[in-house]
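Each chain, letter by letter, is given below.
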Amino acid sequence: MELLLRFLGPVIRRSGKSRRWWRILIAGYIFIAPWLLGFLIWTAGPMIASIIISLMKWEVITPPHFVGFQNFVHLLHDPLFSISLYNTAYYTFIGVPLQLTMALLLAIMLNVKVRGIALYRTIYYLPSVTPAVASAMLWLWIFNPEFGLANALLVKLGLPKQLWLMDPVLAKPAFIVMSLWGVGGAMVIFLAGLQGIPSELYEAASIDGANGWQRFRFITIPMLTPIIFFNLIIGLIDSFQIFTSAFIMTNGGPQNKTLFYVLYLYRNGFQYFKMGYASALAWVLFVIILLFTLLQFKLSKRWVYYETELGI
Amino acid sequence: MTTTGQEKSDLIASGTLYVTRHSKSFLIMQGIKQGLLYLLLSSISVIMLIPLVWMLSTSLKGRGLEFVFPPQWIPKPAKWSNYPEALTILPFGRFFLNTVIITFFSLVGSLISSSMVAFGFARIPFPGRKTLFMLLLSTMMLPYVVTLIPSFLLFKYLHWLDTFLPLTVPAFFGGGAFFIFLIRQFYATIPMDLDEAAVIDGAGYFRIWWSILLPLSRPVLATVAIFSFIWNWNDFMGPLIYLNSLEKFTLALGLASFHSMHNARWNLLMAASTVVLIPVLIVFFVAQRYFIQGIVTSGLAGR
């Protein structure tokens, strides 16, 4: 530190800033250096590289050559691209609202002060810590058409057995059902939000004669909108990138009905080694997610209520 | 909160006048309400746990018994030998060791680097701090796929493929925006007076971070450690992309390849899945206070 300051001596004298200013500047950047370097090496660098690679035809073993926007043009004529995009959109736009509703309901139930509530919180969160591969295996077995638990339940209810993951119509809904089992992450964040709502608000509303529904509708929901917004954004981003469960359980089948976007990207990048095409796919997904996120931020001005500014 | 808020306010609203008159029926109502609440909480717990119980139950069934329909819940007799059988078809001991190594180094890297970076953002008013912090927050929303291919090519160029380096080294570079954010929020709750007193005593930034803030931050560091453990232990895509040879596989990757080799042996598959899950469960139960409470108190309420 001292050495650096001495080394920078002439710069410091000419800058017109105090030694203290420079000391803070240098110390600050030393402390954040790990992240800053990591950001340049593993985020900013790769993002730029990704654009360049997307303009190339590159099969890893053959040297890359520039093809302009050919990869992107090819995308438009690739039926699997639109299929995978449709599947992902279906999974996201039906799944995420259900996940958020479920997570919020669970959080509200868990936000009571009764004995043993910590145990219930632990149980509800448990599925979220289950390794993705293990839960994929488990749900594959649950949805087994012949011997699975899902069909055992249907038979018990007097309903016909289903093919579930092997049924072109039911395959995607089955993935959504599975995702509802793992809403613990969003639930805990909702719980945090609920605990941050001052109880005086409820007390005041009760004195004014508000019933349970009115308190929920006019206090809980507005106070929770920033958290709902946060979970919505994170949920959309995660959902758009579903991979592990689909890779293990169906590998895209039946009839490409569960060929999700990142699965298709993985195939292009790491099975067909089309680095250029996979990068183009990655950038298209990035732009789609970015547009959705920006749209959400824009729409959020209408419905998200910030009591104070974010403490950033 | 909703119910307790209501109870309290009901008491206030009704006042002494009504409390004395209705206290008995009020208490009965409360009892019924609480009973219903427990019933609801417990039924959902059962739904949450059934898949895991089913996994355990299947893992103990003898050959062929997993194909009895409708399924039996309690396997008779319990075939414990499924476990050693499942774990020796592939070198699961080796996978376990590999997973421990990767998880350990990532965890250490994340803890050191994220707490250090968080200190810079929380305590040193350097120029550009706000902009860079916003940049850091925005990377939390960045889809990982956009950096996937170039990172793979970078590691290939460095000849790091099929080693543990791509899975551990990046953790030492900040450890992830989420962890930095979490720790920074916690640091912000520690009074600045402590720093100022230390400065008067002649301490530099490094001393303030290491000997004052770090010892005070044990709860949030525990939260970060546990999250890092779970994420690395459970990670699938990273090992899938970067590891090729069987003896370098992690548990998650080993389990997936076990499935692709023996996809009809459900009892063995469930036994192997249970084994992969158990360390996570142990850590989760031992540390659940930091897990859920850590997020609830330090994560978001801190802002």
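Residues numbered from 1 in each chain as written. Chains lettered and ligands numbered in written order. Predicted model: local features only at pLDDT ≥ 70, side-chain atom pairs only at ≥ 80, totals over all residues. Heavy atoms only, no water.

A. Quick peek at the nonpolar core. Tyr124(A), Phe121(B), Tyr187(B) and Phe236(B) are the most contacted members of the largest nonpolar core, which totals 181 residues. Dropping the residues within four chain positions of it, Phe236(B) is found in contact with Val133(A), Phe243(A), Thr244(A), Phe247(A), Ile248(A), Ala252(B), Leu253(B) and Ala256(B). One finds Leu5(A), Trp22(A), Leu25(A) and Ile26(A) within the second-largest nonpolar core, a separate group that totals 5 residues. (Core = buried A, V, L, I, M, F, W, Y, C linked by side-chain atoms within 4.5 Å. Buried < 20%, exposed > 50% of the residue type's maximum accessible area, 1.4 Å probe, protein only. Contact = heavy atoms within 4.5 Å.)

B. Focus on the domain arrangement of chain B. Residue and element names in this part refer to chain B. Along its sequence, chain B is organised into domain 1 (2-59) and domain 2 (82-300). With 5 residues of domain 1 in contact, the opposing surface of domain 2 contributes 9 residues. Summing the contributions of domain 1 and of domain 2, the shared interface buries around 550 Å²; its carbon and sulfur component is 73%. Among the residues of domain 1 in contact with domain 2, Met55, Thr58 and Ser59 are the three that bury the most area, contributing 83% of the side total. Taken together, the links from domain 1 to domain 2 amount to 0 salt bridges. Our count for the domain 1 to domain 2 interface comes out at 2 residue pairs in polar contact (both at pLDDT 80 or more). (Domains from an automatic or database assignment. Buried area = accessible area lost by both parts, 1.4 Å probe. Salt bridge = Lys/Arg side-chain N within 4 Å of Asp/Glu carboxyl O. Polar contact = N/O pair within 3.5 Å; in protein donor to acceptor, adjacent residues only side chain to side chain.)

C. Looking closely at the interface of chain A and chain B. Taken together, the contact pairs 107 residues of chain A with 105 residues of chain B. Buried area between chain A and chain B, both sides added, is near 9400 Å², and the carbon and sulfur share of it is 80%. For the interface between chain A and chain B, the tally reads 0 salt bridges. Ranked by residue count, the leading element in the side of chain A that touches chain B is helix H3 (residues 19-54) of chain A, at 23 residues. Grouping the amino acids of the side of chain A that touches chain B by side-chain chemistry returns 81 nonpolar, 19 polar and 7 charged. (Helix = DSSP H or I, 4+ residues; strand = E, 2+ residues; numbered from the N terminus. Nonpolar A, V, L, I, M, F, W, Y, C, P; charged D, E, K, R; others polar.)

D. Focus on the packing of helix H3 (residues 92-123) of chain B against helix H7 (residues 177-187) of chain B. All names here are of chain B. H7 packs onto H3 with a crossing angle of 50 degrees between their chain directions and a minimal axis gap of 8 Å. On the basis of their axis angle, the class for H3 and H7 is oblique. Every pair of crossing elements has a handedness; the one defined by H3 and H7 is right-handed. For the pair H3 and H7, contact is made by Ser110, Ser114, Ser115, Val117, Ala118, Phe119, Phe121, Ala122 and Arg123 and by Phe179, Ile180, Ile183, Arg184 and Tyr187, respectively. (Axes fitted to C-alpha atoms, helices over the stretch in contact; angles between N-to-C directions. Parallel < 35°, antiparallel > 145°, perpendicular 65-115°, else oblique. Left-handed = near helix turned anticlockwise from the far one by under 90°.)

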